[in-house]
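Per-entry structural report
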Amino acid sequence: MSVFTPLQRDELEAFLAPYRLGRLRDFQGITAGSENSNFFVSLEQGEYVLTLIERGPTQDLPFFIELLERLHRAGLPVPYALHSEDGKALRELAGKPALLQPRLAGRHVIEPNPHHCAEVGRLLARLHLATREQILERASDRGLDWMQEQGPSLALNLPEDQLPLLRDGLAEIAELRPKLVALPRANLHADLFRDNVLFEGTHLTGVIDFYNACSGPMLYDLAIAVNDWCSHPNGEIDPERSEPLLAAYSALRRFTPAEAELWQPMLRVACVRFWLSRLIAAQHFEGTPDVQVKDPGEFHRLLVARQQPASVLPFAF
Ligand SMILES: Nc1ncnc2c1ncn2[C@@H]1O[C@H](COP(=O)(O)OP(=O)(O)O)[C@@H](O)[C@H]1O
Ligand SMILES: N[C@@H](CCOP(=O)(O)O)C(=O)O
C-alpha cells in the first residue's frame, strides 16, 4: 500500500531518538506494499525501514518479532526489529504499533528468470529447515477456515461465469482439509510474492513482509511462490521457472509422497486464498488515492489454468 498514516518530522525524530542511531537525515513514505505504512528512514548511522502496523491482531506482533529474530540468527536475509535503548523491539508511533528494521539491499524482480526462481526455492527450503524442528505456532488469519467463511459472501459479487470455479475451489478445500493439515509443517512466509523479495542481479538479498507468516504445511509456501514466480500472463505455469524453483528446494528438503499427491490441489488452494483477499481489498480500497489495489482477476486466471495438471513435484529425486 502505501502510506495510510502520514508522519510529521518532529514526531518521527522523537520516536527515533531512543535507538541512538544519530540524527534523522531524511525520510519518505514507501508507495509499494499493501498492508502497512512503511517509510525509508535515513539516519546518520545507516538506512532503515520504519513500519506502522495497520492491520491484524496486535497480540501476534511478538510472534513476528521472534520469528524474524530466529531467521536472522539462522543467517537468512530478513529484516528484524531493532531494540531501543530501553530494550523494546515493539514500540508505538502515531497510535500504531511501530517497528524499526535495517533496510535490506536489492530491488524487486518483476520478470524473474530460472536463476531467480532457484534462489527463491533455496530460500524457502532454508526458512522451513530453520523452523520445522521448533515451530513457532501461529494459525494464519487467512487460512482454510477464513476461506470457507469469506468465500460465499464474496461469491455474491462475482460475475456469473466465475462462480462455479470459486464454489468448486471451496468444496475441494473442504474435502481435502484433513489431508492438507496433515502434511509436513514448519513456519511459513505465506506471502512470498515477487514484491516481497529483493535481488541484486540474480542473488537474493532480502525477504520482507512477514505479516502473513504462520505455521502450516510447507507445501503451501511452495504453491504460493510457484503461482506468483512461475506463471505466464495467461495463468499457466512456466516449467522453465517452476522446475528450477522446485528442484532447488528439493535439493535441501525432499518432498514426501503425500506432498507430491497434493501438489495440484495445493496450487489451487493458494489461488483461492489470494483471489479472495484481492476481492476484499478491491471492495475496500478501489479508487482510494495512493493505495495499490492488485487485480483479483489474476487469481481467477490462475485458478482456471490450475484445473489441468500444471507441474510435477520432483519428490522422486
Ligand atoms: N527491510 C526492508 N528493506 C528494504 N526495503 C524494504 C524493507 N521493508 C520494506 N521495504 C520496501 O517497502 C515496500 C513495502 O513493504 P511491504 O512489507 O511489502 O509492505 P506491506 O506490509 O504494506 O505489504 C517493499 O516493496 C520494499 O520496497
Ligand atoms: N501478496 C498478496 C497480498 C498480501 O495478502 P493479504 O491477504 O495480506 O492482503 C497479493 O499479491 O495479493
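Note that the structure is a prediction, hence the values are computed from the model and not measured. (Residues numbered from 1 in each chain as written. Chains lettered and ligands numbered in written order. Predicted model: local features only at pLDDT ≥ 70, side-chain atom pairs only at ≥ 80, totals over all residues.)

**Brief notes about the overall build of the chain**
- Tallying secondary structure elements over the chain gives 10 helices and 9 strands in all.
- Against the compact-globule benchmark of 20 Å for 317 residues, the chain has a radius of gyration of 20 Å, which places it among compact chains.
- Counting all 317 residues of the chain, 38% fall into the buried class.
- For the chain, the share of sequence-separated contacts (at least 6 apart) that also reach a separation of at least 24 residues comes to 73%. (Helix = DSSP H or I, 4+ residues; strand = E, 2+ residues; numbered from the N terminus. Rg over C-alpha atoms; globule rule 2.2 N^0.38 Å. Buried ≥ 20, exposed ≤ 12 C-beta atoms within 10 Å, placed from the backbone. Contact = placed C-beta atoms within 7 Å.)

**Structural notes on the domain arrangement of the chain**
- Looking at the chain, the domain boundaries give domain 1 (9-102) and domain 2 (114-305).
- Across the contact, 19 residues belong to domain 1 and 20 residues belong to domain 2.
- Split into classes, the residues belonging to the side of domain 1 that touches domain 2 amount to 11 nonpolar, 4 polar and 4 charged. (Domains from an automatic or database assignment. Nonpolar A, V, L, I, M, F, W, Y, C, P; charged D, E, K, R; others polar.)

**Brief notes about the site of ligand 2**
- Near ligand 2 there are 11 residues, and of these D191, F193, F274, S277 and K294 occur at the shortest range.
- Split by residue class, the shell around ligand 2 holds 3 nonpolar, 3 polar and 5 charged. (Near = placed C-beta within 6 Å.)

**A short note on the packing of helix α6 (residues 218-229) against helix α9 (residues 263-285)**
- Packing of α6 against α9 leaves a shortest axis separation of 8 Å and a crossing angle of 65°. Judged by the inter-axis angle, α6 sits roughly perpendicular to α9. In this structure, the crossing between α6 and α9 has a hand that is right-handed. In this structure, α6 uses L219, Y220, A223, I224, V226 and N227 to contact α9, whose residues at the interface are W263, M266, L267, V269, A270 and C271.
- For the contact of α6 with α9, the residue count by class is 11 nonpolar, 1 polar and no charged. (Axes fitted to C-alpha atoms, helices over the stretch in contact; angles between N-to-C directions. Parallel < 35°, antiparallel > 145°, perpendicular 65-115°, else oblique. Left-handed = near helix turned anticlockwise from the far one by under 90°.)

**Some words on helix α3 (residues 114-131)**
- Between the first and last C-alpha of α3 there are 26 Å, a value that for 18 residues agrees with the 26 Å anticipated at 1.5 Å per step.
- Those residues of α3 that are buried are in contact with α2 (61-73), β6 (185-188), β7 (197-200), β8 (203-207), α6 and α7 (239-252). (Expected span 1.5 Å × (residues − 1).)

**Section: the environment of C271**
- Along the polypeptide, C271 turns up in helix α9.
- Residue C271 is classed as buried on the basis of its 27 C-beta neighbours within 10 Å.
- Separated by 121 residues in the primary sequence, C271 and Q150 place their C-alpha atoms 14 Å from one another.

**Looking at the sheet that holds strand β4 (residues 91-93)**
- The antiparallel open sheet is built from 5 strands, whose spatial order is β1-β2-β3-β5-β4. Of all strands in the sheet, those with a lone pairing partner are β1 (24-29) and β4, marking the two edges. Sheet twist, expressed as the average angle between the axes of neighbouring strands with direction ignored, equals 35°.
- Inspection of the sheet shows β1 paired to strand β2 (residues 37-43) by 5 bridges, in the antiparallel sense. Each residue of the ladder has a partner; that of G29, found in β2, is F39.
- Each of β1, β2, β4 and β5 (96-102) is contacted by helix α1 (residues 9-16), which is oriented at about 115° to β1, the strand it contacts most. (Pairing = 2+ DSSP bridges.)

**Some points on the nonpolar core**
- Counting 81 residues, the largest nonpolar core has V120, A223 and L245 as its most contacted members.
- If you tally residues by element for this core, the top one is α9, at 11 residues.
- Looking at which domains feed residues into this core, each of domain 1 (9-102) and domain 2 (114-305) gives three or more.
- Look past the residues within four positions of V120 in its chain and what remains in contact with it is L192, V197, L204, A225, W229 and L245. (Core = buried A, V, L, I, M, F, W, Y, C linked by C-beta atoms within 7 Å.)

**Here we look at unusual backbone geometry**
- You will see that R20, though not glycine, has its phi angle at about 55°, which is positive.
- Of note in the backbone geometry, A94 takes a positive phi value of approximately 50° without being a glycine.
- With respect to the helices and strands, A94 occurs in the loop between β4 and β5.
- For A94, a count of 15 C-beta atoms within 10 Å corresponds to the partly exposed category.

**A few points about the pairing of β8**
- Where β7 and β8 come together, 4 bridges link them in antiparallel fashion. Bridge assignment links L198 to a residue of β8, and that residue is G206.
- The antiparallel hairpin formed by β7 and β8 contains 2 residues in its connecting segment, where G201 sits at a positive phi of about 60°.

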